[in-house]
Amino acid sequence: MPAASRPTSRRQFLQLGAGAVGAAFIAPAVRTVRGSYVSAAGKLRTAHVGVGGMGGSDLKSISTHPLLEVAALCDVDATRLEAALKLHPGAQTFRDYREMIAALGDKVDAVVVSTPDHTHAPAAMAAMQAGKPVYCQKPLTHEVFEARAMRELAQQKGLVTQMGIQVHSSAVYRRAVRMIQSGVIGKVSEVHAWSNKNWGYDGGPFAKTEAAPATLNWNLWLGTAAERPYTPGVYHPGQWRKLIDFGTGTLGDMGVHIFDTPYAALELTAPKWAKTTCRTPTGIGHPEKNVVEYEFPQTKYTTESLKWKWYDGDLVPKTAGDLGLSAKAGVPAEFALPGQASLFVGEEGVMLLPHVAEPTLFPEKKFADYKRPDVEAGNHYHEFVDACLGKTKTSAPFAYAGPLTEALLLGVVANRFPDTKLDWDAAALKVTNVADANKLLRSAYRKF
Ligand SMILES: NC(=O)c1ccc[n+]([C@@H]2O[C@H](COP(=O)([O-])OP(=O)(O)OC[C@H]3O[C@@H](n4cnc5c(N)ncnc54)[C@H](O)[C@@H]3O)[C@@H](O)[C@H]2O)c1
């Protein structure tokens, strides 16, 4: 992309999403009182960007809603598109989301984005510029700047939005939020969170390149990312997660699920700083193992400040002793920890929350008679559909998902400056002490 055509301001970025396609949208035929758009039959008609992998799962889950009609499918991989079309034979198909949005106009009411992370914002911004509610997979975006822009555009247009963290609506996570907010362990001073997955790559450049399979449109897959030759097994499908130009490493990928409950329960905002301990940057992959520390300002559920520590890959704690908790926390040092979890340290006790499982309170004797709140599970997908139909509100709108993703991505940026505390001014969207870090908050979009 020539420098002259790169977006240089937020306004230009927002316009990028719309481009020529935004103008193609006109007011749909039917509008409910809450401002959502539906077909004349009262059904919400969805267009799906990315229909293989998680996109296939999103399609399956959302279409269990009785008032949902899958109107359009878009995928850059013809084999994946064909497989989805078999299940939704009435849908129109596209390879390029920009063409889909321009062509469908008022024949579609909402857009679901399930592509690799680097395409979330370009596709979702285009849909929102066109006035469409968006269900977007997690993490909300690939870059900090995009998370801010997505949140602001959704708010400006008053659109229904939902980030695809379906476990946010599980009974166990909802219950954990209630327990923390009820004060069962008192005010919280520390959160530890971890995932033993490894979505990093410590190796060098990829020597083997070849033509992409005929079924894959490589230019569209790259989208706004810088051009490069195709290498089998490295990018598509799924492996892009490990690479800095496309994914967000383990912290972005799993951290968004595992950060979600503490972030929601403690009503956190923007961190004061983030610091990552990891190998030196290679410019290619995210580190295969990280420890990321944050400090968040006080909220009504925390002590004066909140320390947050993330661990991934081989660096996850195996037993409670590895977390260095004080003896008064009441967790036996030899207590074996699950592979993915968060742990809250409060003034009155500790809560261990394994990933999508029931929490355990410590000291166990003290909480032996504790009665857990009854909480029902929600359906994250149906909630989005119902919100578009004006019947409810979503629980992970971009107003929530944006700041959560910004916080996570600041930690991802910090892995390019190991052992350096990045001081964060969220209002200015700026790292205040390391000028070079600001260059990584947003990359130039390639014209494709
Ligand atoms: N919420 C969850 O539990 C969960 C689980 C897995 C993945 N995810 C998220 O889902 C997204 C996809 O992950 P995945 O594992 O399915 O990846 P994947 O690479 O397996 O699948 C991505 C799909 O999108 C298609 N695609 C790629 N670029 C496209 C474009 N520009 N336009 C249209 N289609 C395009 C691919 O061909 C493929 O079908 C990621 O954001 C990931 O973080 C969420």
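Fair warning: this is a prediction, and the values are worked out from it, not measured in the lab.

## Focus on the environment of A47
Then, number 1: Topologically, A47 is positioned in strand β3 (residues 44-49).
Then, number 2: Accessibility expressed as a C-beta count within 10 Å gives 26 for A47, which makes it buried.
Then, number 3: The spacing of A47 and P317 is 270 residues in sequence and 42 Å in space, taken between C-alpha atoms.
Then, number 4: Beyond its immediate sequence surroundings of up to four residues, A47 is in contact with A71, A72, C74, M100, L104, V108 and V111.

## Description of the domain arrangement of the protein chain
Then, number 1: Along its sequence, the protein chain is carved into domain 1 (3-168 + 381-396) and domain 2 (171-200 + 248-375).
Then, number 2: Of the residues assigned to the side of domain 1 that touches domain 2, the class counts are 3 nonpolar, 2 polar and 2 charged.

## As for the pairing of strand β4 (residues 68-74)
Within a regular strand, the side chains alternate between the two sheet faces.
Then, number 1: For β4, the buried fraction is high: 6 of the 7 residues fall into the buried class.
Then, number 2: Taken together, the 6 bridges between β3 and β4 define a ladder with parallel strand orientation. Bridged to A47 within β4 is A72.
Then, number 3: In this view, the connection linking β3 to its parallel neighbour β4 by way of helix α2 (residues 54-62) has right-handed handedness.
Then, number 4: Two strands pair when backbone bridges link them, and β4 and strand β5 (residues 92-94) are joined in this way by 3 bridges, in the parallel orientation. By the bridge assignment for β5, C74 is matched with F94.
Then, number 5: Handedness of the crossover joining β4 and β5 through helix α3 (residues 78-87) is recorded here as right-handed.

Each value, and the rule that gives it
Residues numbered from 1 in each chain as written. Predicted model: local features only at pLDDT ≥ 70, side-chain atom pairs only at ≥ 80, totals over all residues. Helix = DSSP H or I, 4+ residues; strand = E, 2+ residues; numbered from the N terminus. Buried ≥ 20, exposed ≤ 12 C-beta atoms within 10 Å, placed from the backbone. Contact = placed C-beta atoms within 7 Å. Domains from an automatic or database assignment. Nonpolar A, V, L, I, M, F, W, Y, C, P; charged D, E, K, R; others polar. Pairing = 2+ DSSP bridges. Right-handed = clockwise from strand over helix to strand, strands pointing away.

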